[in-house]
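Residues per chain, in single letters:
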Amino acid sequence: MTGVDLWTIVRFVHILGAALWVGGQLALSLVILPLARRMLSAEAREGFVGAAGRRFGLLTVALFVPVQVATGVALAWRAGVTWESLAAPGYGRVLAAKLVLFAAVMLLAAAHGWAHGRGRRDLARALAVAALVGSLGVVLLATALSGA
């Protein structure tokens, strides 16, 4: 196999994990939950939305976050990224912004789960939208890394 080494596979897994995570958020937010709101009774909808959220949250905690963190740390180590280099203009600052936004998205997602569990639907919905927009920002910053 020419051109495919360990680091190509690590980068592929990192990008695939991000695509599945952000794609899952988009599918839930734009397709599945609006259909559930329109087609299910209030009682069935509440149960479905809660179950879908718990399952996606479990996948996020058990799969997406560990894969993203592990492959991201490995890729940063491979690229020679240090804490000091995160303050450097260009690649370092873009990567630092991506990491800060990723942490913020994780906090927003956790707060969404908390708000939904407390029955605060409007707050939960606002936090979910903020987490989704933040996730798209993480993808945008990741894209900018290749040119930085």
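Counting from 1, residues in each chain are numbered in the order their sequence is written. Given that the model is predicted, a residue must reach a pLDDT of at least 70 before its local features are reported, and side-chain atom pairs must reach 80 or more before they are shown or counted; all residues, however, enter totals for whole chains, interfaces and linings. The basis for every side-chain value is the complete set of heavy atoms in the structure, and neither hydrogens nor water enter the calculation.

- Going by an unreviewed UniProt entry, the protein carries the name Putative membrane protein and comes from Nocardiopsis mwathae.

### A word on helix H3 (residues 91–117)
And then number 1: Compared with the 39 Å implied by 1.5 Å per residue over 27 residues, the 39 Å span of H3 between its first and last C-alpha is a close match.
And then number 2: Within the sequence span of H3, burial applies to Gly 92, Val 94, Leu 95, Lys 98, Phe 102, Val 105, Met 106 and Ala 115.
And then number 3: Residues are treated as being in contact if the distance between any of their heavy atoms lies within 4.5 Å. Put simply, DSSP H or I for four residues or longer makes a helix, DSSP E for two residues or longer makes a strand, and each gets a number counted from the N terminus. Contact partners of the buried residues in H3: helix H1 (6–39), helix H2 (42–79) and helix H4 (121–145).
And then number 4: Looking one or two residues beyond H3, the residue adopting positive phi is Gly 119, at roughly 75°. A helix is expected to span 1.5 Å for every residue after the first. Only protein chains enter the accessibility calculation, which uses a 1.4 Å probe. A residue is then buried if its area is under 20% of the maximum for its type, exposed if over 50%, and partly exposed in between.

### Here we look at the nonpolar core
And then number 1: We call a set of buried residues a nonpolar core when its members are Ala, Val, Leu, Ile, Met, Phe, Trp, Tyr or Cys and they connect through side-chain atoms within 4.5 Å of each other. Trp 21, Leu 28, Phe 56, Phe 102, Val 105 and Met 106 are the most contacted members of the largest nonpolar core, which has 13 residues in total.
And then number 2: Going through the elements one at a time, H1, H2, H3 and H4 are the ones with two or more residues in this core.
And then number 3: Those residues in contact with Leu 28 that sit more than four places away from it in its chain are Leu 33, Pro 34, Ala 52 and Phe 56.

### Focus: the environment of Leu 63
And then number 1: You can see Leu 63 is positioned in helix H2.
And then number 2: Remark: the alpha-carbon pair of Leu 63 and Gly 17, spanning 46 residues in sequence, is separated by 8.5 Å.

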